[in-house]
Amino acid sequence: MIRQVKERGVKAIVHNSNFKIFSIAFLAVTIFILSGCQGSTASNATGGGTVDANETAATVNGKVIKLQEVERVIKQQGQGQEGRLSPLELAQARLQVLEGLIQQEVMFQKAEKEGTVPTDEQITAELNKRKTASGMSQEEFDRKMKEAGETEATLRETIKRGLAIQTLTDRITGKIEPPKDSEIEAFYTGNKEAFVKKKGVKIAAIVIDPTNSGQGDTTTNEQEAIIKAKQIIGQVQQPASDFAQLARENSEDQSRLQGGDLGYVSEEELRQGFSPQLAAALMDPKFPIGQVTGLQAQGKYFIIKLQERSDKDENLTLESPGIRQQVTDSLINARKQLLAASYQTSAMNEAKIENFLAKKVVDNPNELSGARPAGAATPTPANANTNANTNVNVNTNTNGNTNANVNANTNARTNANANAR
């Protein structure tokens, strides 16, 4: 999908060049995340009794994280691809998934101590919100959960942990004060090249997906998609039609949640994300603002409405609408990320953690294969081009997601080509 550019403008960029085979987020399963986030279930750590080293991956202040939980997350996130990992890669993936589960457990225990665990009513409200946002019927929702190895009970536990950690994080980062005017001006002066509104357009779209992607689709093949696209074009062309409402009702894409708004897109992004022909058409002064056009791209059908056009690059200043606030938000968010990362590091240092899985690797360095997940495919041959740099990053972010390794490399530099709109 074309990179969506929001008018909210400048955002802090957190650089991460690591290749990811799995990306774990413990706030929700994949199908329930709205922003693109990948999902998974939370660690189901339980304490008490004698620890069985053959079944226990780690303990956090006495709470057990079982090996079967690590395997479940790997299978859930691998979506059948985990069987293509070599024994060494699989061992590495297990350790990285476990690190994420440990960090989540540490933060959840902190949340319990700080009294930020949500009530049953709050959990139910969040669960219902996700069901509604998914655009699925209850039957479809239940089927997707089953396919992901989830039950309503495990999803409620996932939500519980995610909300608890998010509330704790909000409480901690709420101590951040707004930057001074001198800091805002210094940031702008040092990053003027980032504050450029590139030549391009603001567009909205209704997306018809011939495949059943689970985004509230009503079409499941090419013929149905073509018929639906023609019907919607006919509706859009009616004098009193409301494009945003039609997008909310018909688009088979997450953009329907914003009434089809794809934000501001540079001419170059149009060329790369759609086609040079579309870019040329929308940038042509003869193509009127408000006009609708259709095309097929990325295996989907797009009905696109031109909302705004800029014929040249424009340098933005702190006096440009919204820019000062955007810089303020960027600096605040960067500081919040650093504070959240530091808090988690401190919590990890305080916790008593025993990583039995890592100890097994140290004690048996020549026996890294371990047991493969049930039903896993034959390992990739040694001469296959398999990237062994498997990495799982987990951080607790402002969406309540937990991704292993809070990235403290917060870079306040901004990409105005994408965000300074």
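Below or above, wherever it landed, is the structure these notes cover.

Quick notes on the rules
Residues numbered from 1 in each chain as written. Predicted model: local features only at pLDDT ≥ 70, side-chain atom pairs only at ≥ 80, totals over all residues. Heavy atoms only, no water. Helix = DSSP H or I, 4+ residues; strand = E, 2+ residues; numbered from the N terminus. Buried < 20%, exposed > 50% of the residue type's maximum accessible area, 1.4 Å probe, protein only. Areas by Shrake-Rupley, 256 points an atom, 1.4 Å probe, with all protein chains shown as cover. Pairing = 2+ DSSP bridges. Axes fitted to C-alpha atoms, helices over the stretch in contact; angles between N-to-C directions. Salt bridge = Lys/Arg side-chain N within 4 Å of Asp/Glu carboxyl O. Phe/Tyr/Trp six-rings, centres within 6.5 Å; stacked < 30°, edge-to-face > 60°. Lys NZ or Arg CZ within 6 Å of the ring centre and 35° of its normal.

Observations concerning the overall build of the chain
Counting its secondary structure elements, the chain contains 13 helices and 14 strands. Here the chain holds 421 residues, and the buried ones make up 45% of them. Looking at the chain as shown, the accessible area adds up to about 20800 Å², and 48% of this sits on carbon and sulfur atoms.

A look at unusual backbone geometry
The backbone of Asn 61 sits at a positive phi, close to 50°, despite the residue not being glycine. Along the chain, Asn 61 falls in the loop between β3 (56-60) and β4 (63-66).

What to know about the sheet that holds strand β9 (residues 300-310)
Pairing is antiparallel in the open sheet, where 4 strands are placed in the order β7-β6-β9-β8. Edge strands, defined here as strands with exactly one partner in the open sheet, are β7 (261-266) and β8 (292-297). When the angles between neighbouring strand axes are averaged without regard to direction, this sheet yields 35°. Here strand β6 (residues 200-208) pairs with β9 via 9 bridges, running antiparallel. From the neighbouring strand, Lys 202 faces β9, where its bridge partner is Glu 308.

Section: the pairing of β6
Successive side chains on a regular strand alternate, one facing one side of the sheet and the next facing the other. A large share of β6 lies buried, amounting to 9 of its 9 residues. Taken together, the 5 bridges between β6 and β7 define a ladder with antiparallel strand orientation. If you follow Lys 202 over to β7, its bridge partner there is Tyr 264.

Concerning the pairing of β4
As defined by bridge partners, β3 adjoins β4 across 4 bridges and the pair is classed as antiparallel. When the bridges of β4 are listed, Ala 58 appears paired with Ile 65. Two successive antiparallel strands, β3 and β4, enclose a turn made up of 2 residues, where Asn 61 displays a positive phi of approximately 50°.

A few points about the pattern of salt bridges
By the definition in use, this model includes 17 salt bridges. Taking the shortest distance from any N to any O, the salt bridge between Glu 71 and Arg 94 comes out at 2.3 Å. Residue Glu 71 is located in helix α1 (residues 67-78), and its partner Arg 94 is located in helix α2 (residues 87-114); the two are separated by 23 residues in the primary sequence. Relative accessible area serves as the criterion here: at 7%, Arg 94 is assigned to the buried category. Salt-bridge contacts for Glu 308 lead to Lys 197; the nearest nitrogen and oxygen are separated by 2.9 Å. Taken together, the residues Glu 308 in strand β9 and Lys 197 in strand β5 (residues 196-197) connect sequence positions 111 residues apart. Each of the salt bridges in this network shares a partner with another, and the network as a whole consists of Glu 105, Glu 157 and Arg 161.

Brief notes about the packing of aromatic side chains
Under the counting rule described, the total for this entry stands at 3 aromatic pairs. With a centroid separation of 5.0 Å and 50° between ring planes, the pair formed by Tyr 188 and Phe 195 is classed as tilted. Here the two residues Tyr 188 and Phe 195 agree in accessibility, since each one is buried. Taking the centre distance of 4.9 Å and the plane angle of 90° together, the rings of Phe 274 and Phe 302 count as edge-to-face. Remark: Phe 302 occurs in strand β9 and Phe 274 occurs in the loop between α9 (267-273) and α10 (276-283); sequence separation between them is 28 residues. For the pair Phe 274 and Phe 302, one class covers both residues: buried. Connected via pairs of aromatic rings, a cluster forms that spans Phe 187, Tyr 188 and Phe 195. One Lys or Arg, Arg 161, reaches over the ring of Phe 108 and ends 4.4 Å from the middle of that ring.

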